[in-house]
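# A closer look at the structure
Listed below are the residues making up each chain.
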Amino acid sequence: MTNITAKTILVVDDEEELRQTVADELEDLDYRVLTAENGRIGVEVFEREGADLVLLDLMMPEMSGLEVLSRLASTSPDTPVIVVSGTGVIGDAVEALRQGAWDFLLKPINDLSVLAHAVEMALEKARLLTENRAYRERLEQMVAERTQELNQKSAYLEKVNAALKASLDHREVEKRSVEENLLKHIKKFVAPYIAELSRCRLPTDAEAYATILETNINNIVSDFSQTISTKYLDFTPTEVRIADLIRDGKETTEIAGILKLSPASIHWYRKRIRKKLGLKDQKINLYVYLNSLTP
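Below, the structure is looked at part by part. Here the residue index of a chain counts from 1 through its sequence in written order. Selection of residues for local features in this predicted model requires a pLDDT of at least 70, selection of side-chain atom pairs for listing and counting requires 80 or more, and totals for whole chains, interfaces and linings are taken over all residues. The side-chain figures draw on all heavy atoms in the structure; neither hydrogens nor water molecules are used.

So, on to the pattern of salt bridges. Here, a salt bridge means any Lys or Arg side-chain nitrogen found within 4 Å of an Asp or Glu carboxyl oxygen. Summed over all chains, the structure comprises 16 salt bridges. Taking the shortest distance from any N to any O, the salt bridge between Arg98 and Glu95 comes out at 2.6 Å. In this pair, Arg98 and Glu95 both sit in helix 4 (residues 90-98), three residues apart, roughly one turn of the helix. Between Arg247 and Asp244 there is a salt bridge, with its nearest N and O atoms 2.6 Å apart. Of this pair, Arg247 and Asp244 both sit in helix 7 (residues 237-247), three residues apart, which is roughly one turn of that helix. The burial state of Arg247 is the same as that of Asp244; both residues are buried. Residues joined in a network through salt bridges with shared partners are Asp13, Glu15, Asp57 and Lys107. Here a helix means four or more residues in a row that DSSP labels H or I, a strand means two or more in a row labelled E, and each is numbered from the N terminus. Three labels apply to residues, based on accessible area from a 1.4 Å probe with only protein chains included: buried if under 20% of the type maximum, exposed if over 50%, partly exposed otherwise in between.

The structure is reproduced here in structure tokens:
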């Protein structure tokens with residue numbers, strides 16, 4: 001009984017005796033053997049049932065071995081083909097090798113062990129090529145998967161970095177807004193009263209304390225004034241944030257995204273800022289002007 005898991009070999013030869021002898025020898029070696037008496041039938045059998053290896057005679061009626069080889073090379077280039085050639089057609093055997101045949105044997109085949117060895121070597125070579133191709137494909141797939149994974153991680157890190165930067169920008173804007181509001185309130189609600197207090201007649205101790213208070217307040221105002229332009233003093237907290245973001249080179253759409261406002265609102269605030277800075281109807285770049293105010 002033929003082993004259904006055995007390799008299948010197709011023997012295509014118009015010499016019935018040789019075809020049967022080769023088939024018997026291969027079946028004894030536990031191969032599954034298919035036979036065809038000419039090239040046309042050989043192609044039909046191969047297309048219908050397939051084969052792991054083809055033993056192919058070159059000189060046959062209806063379709064020559066070279067024609068069969070051409071068909072097999074186009075439809076199943078990985079299938080090993082061993083050509084069987086008589087001594088008078090060595091040139092055809094060389095041409096067959098050039099067109100993709102894996103090996104050739106000379107007729108008559110007197111030593112069937114030579115045939116068995118050629119078949120075994122061709123099948124082993126085919127197995128190694130298949131495994132090597134599968135390994136390369138797995139390797140390429142692994143590389144593609146790792147590349148995709150790295151790209152995903154890189155994209156995630158870029159998003160995280162962008163979020164952190166936006167958060168830091170937002171906190172910096174809030175910090176500046178607090179400082180500017182504090183400076184504005186000190187100048188509006190504290191400094192005038194200290195100035196009036198210094199003009200009042202006070203006891204010596206009270207006058208000394210008033211002087212210390214005025215000095216400390218002036219130091220605070222001076223420290224803030226080194227980082228905050230007095231041009232910002234009339235800005236609302238939102239206008240302060242937008243002015244800082246403009247000064248940092250942010251575009252209208254970026255600012256809108258950071259402050260969760262619409263681009264139209266940002267355009268409106270930009271007009272208000274230009275008006276408060278005295279730039280209304282002037283062809284002065286707001287980004288350049290704001291940066292010129294930075295100490």
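A cavity here means a set of 1 Å grid points, computed over protein atoms only, where a 1.4 Å probe fits but cannot escape. A pocket is an open set with protein on both sides within 12 Å along at least 5 of 7 lines, and lining residues have an atom within 4 Å of a point. Grid points are joined across faces, edges and corners, and a volume is the space filled by probe spheres set on the points. Applying the stated criterion across every chain, the model contains two cavities of 30 Å³ or more. Within this model, the largest cavity holds a volume of roughly 50 Å³. Considering the residues around the largest cavity, the lining is formed by Val11, Val12, Asp13, Leu18, Arg19, Val22, Leu55, Val84 and Ile109. The set of elements that each furnish at least two residues to the lining of the largest cavity consists of strand 1 (8-12) and helix 1 (16-28). Classifying every residue of the lining of the largest cavity gives seven nonpolar, no polar and two charged. All residues other than Ala, Val, Leu, Ile, Met, Phe, Trp, Tyr, Cys, Pro, Asp, Glu, Lys and Arg, Gly among them, are scored as polar; the first ten of these are nonpolar and the last four charged.

Another point: a nonpolar patch on the surface. Only residues whose relative accessible area exceeds 30% and that form no salt bridge enter a patch; like-charged residues are grouped when within 9 Å of one another, and nonpolar side chains (Val, Leu, Ile, Met, Phe, Trp, Tyr) when within 5 Å. Areas reported as accessible are Shrake-Rupley estimates using a 1.4 Å probe. Residue values count occlusion only from the protein chains shown. A surface patch of nonpolar side chains, about 370 Å² in accessible area, is lined by Ile90, Val94, Leu97, Phe104 and Leu106. Counting residues per element, the nonpolar patch draws most heavily on helix 4, at three residues. Its relative accessible area of 51% is what places Val94 among the exposed residues.

Now for helix 8 (residues 252-259). Side chains three or four residues apart in an α-helix point the same way, a direct result of the helix having 3.6 residues per turn. Listed in full, the buried residues belonging to helix 8 are Thr252, Ile255, Ala256, Ile258 and Leu259. Projection of helix 8 onto a plane perpendicular to its axis shows the buried side chains occupying an angular sector of 165°, all on one side. Directly after helix 8, the chain includes Lys260, whose backbone phi takes a positive value near 60°. Here, the arc refers to the directions that run from the helix axis to the C-beta atoms.

A separate point is the side chain of Glu239. Looking at the secondary structure, you find Glu239 in helix 7. Looking at Glu239, the relative accessible area reads 0%, which means it is buried. In protein, a polar contact means a hydrogen-donor-capable atom and an acceptor-capable atom, both N or O and within 3.5 Å, with residues adjacent in sequence counting only if both atoms are side-chain atoms; elsewhere, any N or O pair within 3.5 Å suffices. Here Arg272 takes part through its side chain, which lies 2.7 Å from a polar atom of the side chain of Glu239.

Another aspect to go through is the environment of Leu286. Within the secondary structure, Leu286 sits in helix 10 (residues 286-292). Note on contacts: a residue pair qualifies if any of its non-hydrogen atoms lie within 4.5 Å across the two residues. When neighbours within four sequence positions are excluded, Leu286 is seen to be in contact with Ile246, Arg270, Ile273, Arg274, Leu277 and Leu279.

Another point: the nonpolar core. By size, the foremost hydrophobic cluster in this structure holds 22 residues, and its most contacted members are Leu10, Val12, Val54, Leu56 and Val81. Going through the elements one at a time, strand 1, strand 2 (32-36), helix 2 (39-49), strand 3 (53-57), helix 3 (65-75), strand 4 (81-85) and helix 4 are the ones with two or more residues in this core. For this core, the leading source of residues is helix 2, giving four residues. With sequence-adjacent residues up to four places away left out, Val12 is seen in contact with Ala36, Asn38, Gly39, Gly42, Val54, Leu55, Leu56, Asp57 and Met60. Grouped together as the second largest cluster of nonpolar side chains are 20 residues, Ile9, Leu18, Leu26 and Ala122 included. What makes a nonpolar core is a set of buried Ala, Val, Leu, Ile, Met, Phe, Trp, Tyr and Cys residues whose side-chain atoms join them at distances within 4.5 Å.

Looking now at the packing of aromatic side chains. Classification of ring pairs rests on two measures: the distance between centres of Phe, Tyr or Trp rings, Trp counted by its six-membered ring, which must be within 6.5 Å, and the angle between planes, read as stacked under 30 degrees, edge-to-face over 60 and tilted in between. Scanning the model with the defined rule gives one aromatic pair in all. Where Trp268 meets Tyr269, the ring centres are 5.1 Å apart and the plane angle is 75°; that geometry is what we call edge-to-face. The partly exposed category is assigned to Trp268, whose relative accessible area is 47%. We call a charge positioned over a ring when the NZ of a Lys or the CZ of an Arg lies within 6 Å of the ring centre and within 35 degrees of the ring normal. We note Lys125 situated over the ring of Trp102; from NZ or CZ to the ring centre the distance is 4.9 Å.

Pairing within the open sheet is parallel, and its five strands lie in the order 2-1-3-4-5. Unpaired on one side and paired on the other, strand 2 and strand 5 (103-106) mark the two borders of the sheet. Averaged over all pairs of adjacent strands, the angle between their axes in this sheet comes to 20°, without regard to strand direction. To define axes, lines are fitted to C-alpha atoms, for helices over the stretch in contact only, and angles between the resulting N-to-C directions are given on a 0 to 180 degree scale. Helix-sheet contacts for helix 2 involve strand 1, strand 2 and strand 3, and the interaxial angle to strand 2 is about 140°. Each of strand 3 and strand 4 touches helix 3; the most contacted strand, strand 3, lies at about 155° to it. The pairing criterion for strands is at least two bridges between them, as found by DSSP.

Turning to unusual backbone geometry, a few remarks are in order. For residues other than glycine, phi is negative in most cases, and the peptide bonds are mostly trans. With omega at -5°, the peptide bond leading from Lys107 into Pro108 counts as cis. In the Ramachandran plot, Asp281 falls in the positive-phi region, its phi being about 65° despite a non-glycine side chain. Examined against the element boundaries, Asp281 turns out to sit in the loop between helix 9 (263-276) and helix 10.

Further remarks concern the side chain of Asn38. Its location among the elements puts Asn38 in the loop between strand 2 and helix 2. Under the relative-accessibility criterion, Asn38 is labelled buried at 5%. The contact partners of Asn38, leaving out residues within four places of it in the chain, are Val12, Met60, Pro61 and Glu62.

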